[in-house]
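Structural features, examined
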Amino acid sequence: EAGVTQFPSHSVIEKGQTVTLRCDPISGHDNLYWYRRVMGKEIKFLLHFVKESKQDESGMPNNRFLAERTGGTYSTLKVQPAELEDSGVYFCASSLRQGPTDTQYFGPGTRLTVL
Amino acid sequence: EDQVTQSPEALRLQEGESSSLNCSYTVSGLRGLFWYRQDPGKGPEFLFTLYSAGEEKEKERLKATLTKKESFLHITAPKPEDSATYLCAVRGPGGGNKLTFGTGTQLKVEL
């Protein structure tokens, strides 16, 4: 069974440009999460989808970040316009169900560098 | 706000030298404590979930334990392939599923 996949693996952009990250969850997983790790800090939660609906977007830093999950399958995270402080590694995770037995499985991440 | 503190930040062991990693947490209403392993350039790989104080889980050379304030990841007779960053995360109360992570312990096992 394929795991969580993310594209691209690396992205280098100039400040002010737009970047779109993509995440394909494990097949059949309704729950999809975005997390981010900036240099030297811990991994931090951004948002949680259940199918195509946003369940929790309390971690989204500002309105330059837009996450979508059309059709409840893959998800995209767009940053527009990108700022220097957006640099970091963006992880996507998915899980089968919510509740006490939920286990989140992570993708390899997208390393974003904003110059 | 949920908080997770891991120690030490880095640990260097000789092959076969057992040790423990610590994860201290502050959360009102723990709904799971998670251990992940992360190799360079890869995403976190799930290891264990613990739910209540006194619970223990084992996998090969790893054993995770949980108290009301902290969790330990015991590594018995480690091998070089156990070298990685070990991450601890908690899921707090409420209906959400978000995980709060610590900064991790970077483990290096040498021959």
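In this convention, every chain numbers its residues from 1, walking through the sequence in written order. Here the convention is simple: chains get letters from A, ligands get numbers from 1, in the order in which they are written. It should be noted that, the model being predicted, local features are given only for residues of pLDDT at least 70 and side-chain atom pairs only at 80 or more, the latter also being counted only at that level, while totals for whole chains, interfaces and linings use all residues. Working from all heavy atoms in the structure, the side-chain values ignore hydrogens and water.

Here we come to the overall build of chain B. Scanning chain B for helices and strands turns up zero helices and 11 strands. Helix and strand definitions follow DSSP, with helices as H or I runs of at least four residues and strands as E runs of at least two, each counted in order from the N terminus. Listed N to C, the secondary structure of chain B is β-β-β-β-β-β-β-β-β-β-β in terms of helices and strands. Over its C-alpha trace chain B gives a radius of gyration of 14 Å, about what one expects of a compact globule, namely 13 Å for 111 residues. Seen through its principal axes, chain B has C-alpha atoms that stretch 45 × 30 × 20 Å. The buried label applies to any residue whose accessible area, calculated with a 1.4 Å probe on protein chains only, is under 20% of its type's maximum; exposed applies above 50%, and partly exposed to all values in between. The buried share of chain B, taken over its 111 residues, is 48%. For chain B, the proportion of contacts with a sequence separation of at least 24, taken over those separated by at least 6, is 55%. Total accessible area on chain B is roughly 5400 Å²; 47% of this is exposed by carbon and sulfur atoms. The positive charge centre, built from 14 side chains, and the negative charge centre, built from 15, are 5 Å apart in chain B. A radius of gyration in this sense is built from C-alpha atoms; the matching globule rule multiplies 2.2 Å by the number of residues raised to 0.38. When checking whether two residues touch, look at their non-hydrogen atoms; a contact exists if any pair is within 4.5 Å. To be clear on the numbers: accessible area is Shrake-Rupley with a 1.4 Å probe, and residue cover counts the displayed protein chains and nothing else. The charge count treats Lys and Arg as positive and Asp and Glu as negative. His and the chain ends do not count. One atom stands in for each charge, and that atom is NZ of Lys, CZ of Arg, CG of Asp or CD of Glu.

Looking now at the pairing of strand S6 (residues 56–59) of chain B. Each regular strand shows side chains that alternate between the opposite faces of the sheet. Residue and element names in this part refer to chain B. For two strands to count as paired, DSSP must find a minimum of two bridges between them. Pairing of S6 with strand S7 (residues 62–66) involves four bridges; the strand directions are antiparallel. In the sheet register, Lys59 faces S7, and the bridge partner there is Leu62. Connecting the antiparallel pair S6 and S7 is a turn made up of two residues, with Glu60 showing a positive phi of about 55°.

Another point: the packing of aromatic side chains. Two aromatic rings from Phe, Tyr or Trp, using only the six-membered ring of Trp, form a pair when their centres are within 6.5 Å; if the ring planes differ by under 30 degrees the pair is stacked, by over 60 it is edge-to-face, and anything between is tilted. Tallied over the full model, the rule gives 11 aromatic pairs over all chains. Summarising the aromatic geometry, the rings of Phe106 of chain A and Tyr36 of chain B are spaced 5.3 Å apart at their centres and angled 85° between planes, so their arrangement reads as edge-to-face. Of this pair, Phe106 of chain A sits in strand S10 (residues 105–106) while Tyr36 of chain B sits in strand S4 (residues 33–38), which puts the two residues in different chains. For Phe106 of chain A, a relative accessible area of 10% translates into the label buried. Note on Tyr36 of chain B: relative accessible area 0%, which makes it buried. For the pair Tyr36 of chain B and Phe101 of chain B, a centre-to-centre distance of 6.0 Å together with 45° between the ring planes defines the contact as tilted. Here Tyr36 of chain B is found in strand S4, whereas its partner Phe101 of chain B is found in strand S10 (residues 99–101), with 65 residues between them in sequence. An aromatic cluster is defined as three or more aromatic residues linked by ring pairs; in this entry it consists of Tyr33, Tyr35, Phe45, Phe91, Tyr105 and Phe106 of chain A together with Tyr36, Phe46 and Phe101 of chain B.

Residues and elements named next belong to chain A. Ordered by their spatial adjacency, four strands build an open sheet running S1-S3-S8-S7, and the pairing between neighbours is antiparallel. Strand pairing shows two members of the sheet lacking a second neighbour, strand S1 (5–7) and strand S7 (65–68), which therefore form its edges. Within the sheet, the average angular offset between the axes of one strand and its neighbour, ignoring direction, is 15°. Angular values range over 0 to 180 degrees, each being the angle between N-to-C directions of two axes fitted as lines to C-alpha atoms, with helices fitted over their stretch in contact.

Turning our attention to the interface of chain A and chain B. Each partner contributes residues to the interface: chain A has 24 residues there, and chain B has 19 residues. Using a 1.4 Å probe, buried area is obtained as the accessible area two parts lose upon being combined, added over both of them. Here chain A meets chain B over a buried area of about 1600 Å², counting both sides, of which 51% is carbon and sulfur. In what follows, salt bridge is the name for a side-chain nitrogen of Lys or Arg lying within 4 Å of a carboxyl oxygen of Asp or Glu. For the pair chain A and chain B, the interface holds one salt bridge. Throughout this description, a polar contact denotes any pair of N or O atoms lying within 3.5 Å of each other; where both atoms belong to protein, one of them has to be capable of donating a hydrogen while the other can accept it, and for residues adjacent in sequence the pair is counted only when both atoms sit in side chains. Counting the contacts that link chain A with chain B gives seven residue pairs in polar contact (both at pLDDT 80 or more). Sorting the residues of the side of chain A that touches chain B by element identifies strand S4 (31–37), strand S5 (43–50), strand S6 (53–56) and S10 of chain A as the ones contributing at least two each. Following the grouping adopted for this structure description, the nonpolar residues are Ala, Val, Leu, Ile, Met, Phe, Trp, Tyr, Cys and Pro, the charged ones are Asp, Glu, Lys and Arg, and the polar ones are all others, Gly among them. Its residues assigned to classes, the side of chain A that touches chain B comprises nine nonpolar, nine polar and six charged.

Attention shifts here to the side chain of Arg61 of chain B. Residue and element names in this part refer to chain B. Note on placement: Arg61 falls in the loop between S6 and S7. In terms of polar contacts, Arg61 uses its side chain to reach the side chain of Asp82, at 2.8 Å. If we ignore the near neighbours within four places in the chain, the residues touching Arg61 are His74, Ile75, Thr76, Ala77, Pro78, Lys79, Glu81 and Asp82.

All names here are of chain A. Only one face of strand S2 (residues 10–13) is buried, namely the one carrying Ser11 and Ile13, since none of His10 and Val12 on the opposite face is buried. Strand direction decides the pairing type here: S2 and strand S11 (residues 110–114), joined by four bridges, are parallel. Bridging from a neighbouring strand, His10 pairs with Arg111 of S11.

Taken by themselves, the reported measurements are silent on function.
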